[in-house]
Structures are given as structure tokens and as C-alpha cells.
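The lines below spell out each chain.
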Amino acid sequence: MRIDVVTVFPDYLAALDLSLIGKARQSGLLDLRVHDLRDWTTDRHRTVDDTPFGGGAGMVMRPDVWGSALDAVLDGDPDGHLVIPTPSGEVFTQRHAESLATEGHLVVACGRYEGIDARVADHYRAAGRRVSELSIGDYVLNGGEVAALVMIEAVGRLLPGVVGNPESLVEESHGAAGLLEYPVFTKPPVWDGHEIPDVLLSGHHAKIARWRRDRALERTAARRPDMIAALDVEDLDKHDVAKLAELGWHVTDGTILRIPGAVAD
Ligand code: JCZ
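Quick summary incoming for the structure in this document.

Rules used in this analysis
Residues numbered from 1 in each chain as written. Predicted model: local features only at pLDDT ≥ 70, side-chain atom pairs only at ≥ 80, totals over all residues. Heavy atoms only, no water. Phe/Tyr/Trp six-rings, centres within 6.5 Å; stacked < 30°, edge-to-face > 60°. Helix = DSSP H or I, 4+ residues; strand = E, 2+ residues; numbered from the N terminus. Buried < 20%, exposed > 50% of the residue type's maximum accessible area, 1.4 Å probe, protein only. Near = heavy atom within 4 Å. Polar contact = N/O pair within 3.5 Å; in protein donor to acceptor, adjacent residues only side chain to side chain. Areas by Shrake-Rupley, 256 points an atom, 1.4 Å probe, with all protein chains shown as cover. Nonpolar A, V, L, I, M, F, W, Y, C, P; charged D, E, K, R; others polar. Salt bridge = Lys/Arg side-chain N within 4 Å of Asp/Glu carboxyl O. Axes fitted to C-alpha atoms, helices over the stretch in contact; angles between N-to-C directions. Parallel < 35°, antiparallel > 145°, perpendicular 65-115°, else oblique. Left-handed = near helix turned anticlockwise from the far one by under 90°. Contact = heavy atoms within 4.5 Å. Core = buried A, V, L, I, M, F, W, Y, C linked by side-chain atoms within 4.5 Å.

## Let's talk about the packing of aromatic side chains
- What the rule picks out here adds up to two aromatic pairs.
- Consider the rings of Phe185 and Trp211, whose centres lie 6.5 Å apart with planes at 55°: the pair is tilted. Of this pair, Phe185 sits in the loop between α6 (167-170) and β8 (190-191) while Trp211 is found in helix α7 (residues 205-223), placing the two residues 26 residues apart along the sequence.
- Overall, Trp211 belongs to the buried group, its relative accessible area being 17%.

Below you can see the structure in the form of C-alpha cells.
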């Protein structure tokens, strides 16, 4: 996969030289190129922003500079997919990461100030290009760089050959199971008086699987009730249904409903 990142702070992306993503770049699995937006300015001051039409606070990034930069890094590639981090975007999820990981070429446009002139996204969509305006969550950052790091790490680790053991990709939170991960433990067996749950030392694989499933259901119900409501009833066994009832969630004709006051929370 090729990823181009355009930013006024190329040094922000230095973290992508490290760890798994750094190795993927060194091995050639990931061709990641970071560009300075100011390389496409034409004035003496290398200006990338201007005041907003209609008034208001702050500055907006100029579409002409962005257009020159994006045309150059898209490099005539009709399949280049434009990704624009923005707090006004769809919320980026593991499903977006999985979809983006199947693409051959991503171009990530990192804005600053009050964002990029809206005509830029419109222009590339009108030209038939895929454009994804994505938010990494409901909080406000100072620019798109940190969001780009998050998305590139989430996508990069899904590329074939990047994560050593592909099994570690299927079992984790936000995979197809739709539940948060169960708690994990390692040595020493007693730390500061805290013991490991006995079942994990039993060697009884079916009991361990059930214990982990129950902890995952409890955690998800407590922390992410939205994920319980979205579960596919077809994926639940009778133990799951009983556990969910204990937690105040009732399965009735294909839907999962919270019964208020059914349990103390
Ligand atoms: C450009 N401010 C781009 C994205 N999830 C999220 N929060 N904040 C952002 C973001 C903020 C920005 C820009 C200027 C993304």
C-alpha cells in the first residue's frame, strides 16, 4: 500500500518511523511518504490560510494550495482515495480501517486552523474520486495530524504481513464478535497479593472460554451498552442469553432490550 500524508507539520508524523509501522515501511509492505503542504505555495510568505468568507473566528486553509498539493501526490492515480481527518466527519471505526486496508493508495490531507476550504472535498468527489471525511472521536484536536497517525496505525497493522501473528487480529476488541475483550493476565501468578482467577489455571479449555465470554459480556454491558444493543441475536448461545438477563438485558424476537431497574448498576 502507498500512503501520502500532506501537512504543514511533517515532523508530527515521525512516529511512523517506529515500531510495527516503521518495520512495514522498511520491509516495503508500506510505502509511506510525508509531504510539507508549504512546498506547493507560490508566495514569498508560503501562505496556506486566509480569513473565512462570512466572517467568524480563525483562519481557513486555501483550496488552491491544497489542490496543487493533492494533484501532485495523487500523481494521476485514478484509484487514490482521499482521507480528510475532521471533527465533522463520520466516526472512524475498525470497519473503516478494514475497508481502507484493502485500498492501494491513500492520500491523507491534514488540516490546521479552522480546517480546509470545503470546496476541496467537493472538487475531488465531483471528479469521481472516493473522499472520506473521518473523525477519530468526539473531541477537538488542533489539527488532523494526530488523527492521521491513529488511522494510519489502525490501517497499517491490518496489511498482510505487518502483524506477525494474524490470530491476534481476529480475537481482539472491535472485531466481528461485537464485544469488548476479556481481561488478560500473565506471570507472576500472585502480584502484591492479587491472584489469577482459578479457572485460568485449570487447563479446562471450555470453562476458560465460557469464563472469558462472561467477562466480555459484563464489561461490554457496563462500559458500552450501545454495543450490547447492537449484538446480532444469532451470535448468542443460551449461556449468553442467561448472562445478559443477569445484567438486565432481555432477548425478545430478534432484539436485545435493556429492562430498566431489572438489576442494580
Ligand atoms: C483541522 N482542526 C482536523 C479530528 N476527531 C477529531 N477531532 N479533531 C479533529 C481535527 C481537528 C482539526 C483539523 C483543524 C481534524
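## What to know about the site of the ligand
- The local shell around the ligand holds 15 residues, among which Ser135, Ile136, Gly137, Tyr139 and Leu141 are the closest.
- Within the backbone of Gly137, one N or O atom sits 3.2 Å away from a nitrogen atom of the ligand.
- Within the backbone of Tyr139, one N or O atom sits 2.7 Å away from a nitrogen atom of the ligand.
- Isolated, the ligand exposes 360 Å² of accessible area, and the fraction of that covered by the protein chains is 96%.
- Among the elements that take part in the shell around the ligand, strand β5 (residues 81-91) stands out by supplying three residues, more than any other.
- Of the residues in the shell around the ligand, the class split is seven nonpolar, seven polar and one charged.

## So, the pattern of salt bridges
- According to the stated counting rule, one finds 20 salt bridges in the structure shown.
- Residue Arg2 is joined to Asp75 by a salt bridge in which the shortest nitrogen-to-oxygen separation is 3.6 Å. Separated by 73 residues along the polypeptide, Arg2 in strand β1 (residues 2-7) and Asp75 in the loop between α2 (63-74) and β5 bring together distant segments of the chain.
- Residue Arg2 is classed as buried on the basis of its relative accessible area of 17%.
- For Asp75, a relative accessible area of 53% corresponds to the exposed category.
- Between Arg46 and Asp39 there is a salt bridge, with its nearest N and O atoms 3.9 Å apart.
- Judged by relative accessible area, which is 51%, Asp39 ranks as exposed.
- By sharing partners, the salt bridges in this structure join Arg210, Arg213, Asp214, Asp237 and Asp240 into a single network.

## Topic: the packing of α7 against helix α9 (residues 238-246)
- Two numbers describe how α7 lies on α9: the axes approach to 10 Å, and their chain directions differ by 40°. Considering their axes alone, α7 and α9 lie oblique with respect to each other. Crossing handedness for the pair α7 and α9: right-handed. Contacts from Arg210, Arg213, Asp214, Arg215, Leu217 and Glu218 of α7 reach α9 at His239, Asp240, Lys243 and Leu244.
- For the contact of α7 with α9, a count of residues per class yields two nonpolar, one polar and seven charged.

## Details of the nonpolar core
- Counting 28 residues, the largest nonpolar core has Ile3, Val5 and Leu30 as its most contacted members.
- Where this core is concerned, the elements lending two or more residues are β1, α1 (19-26), α3 (94-100), β6 (105-109) and α5 (145-156).
- Here this core gets seven residues from one element, more than from any other, and that element is α5.
- If sequence neighbours within four positions are ignored, Ile3 has contacts with Leu30, Asp31, Leu32, Arg33, Leu106, Val108 and Ile152.
- If you look at the next biggest cluster of nonpolar residues, it comprises 20 residues, including Leu37, Val73, Val120 and Tyr124.

So far we have only geometry, and geometry alone does not tell us how the molecule works.
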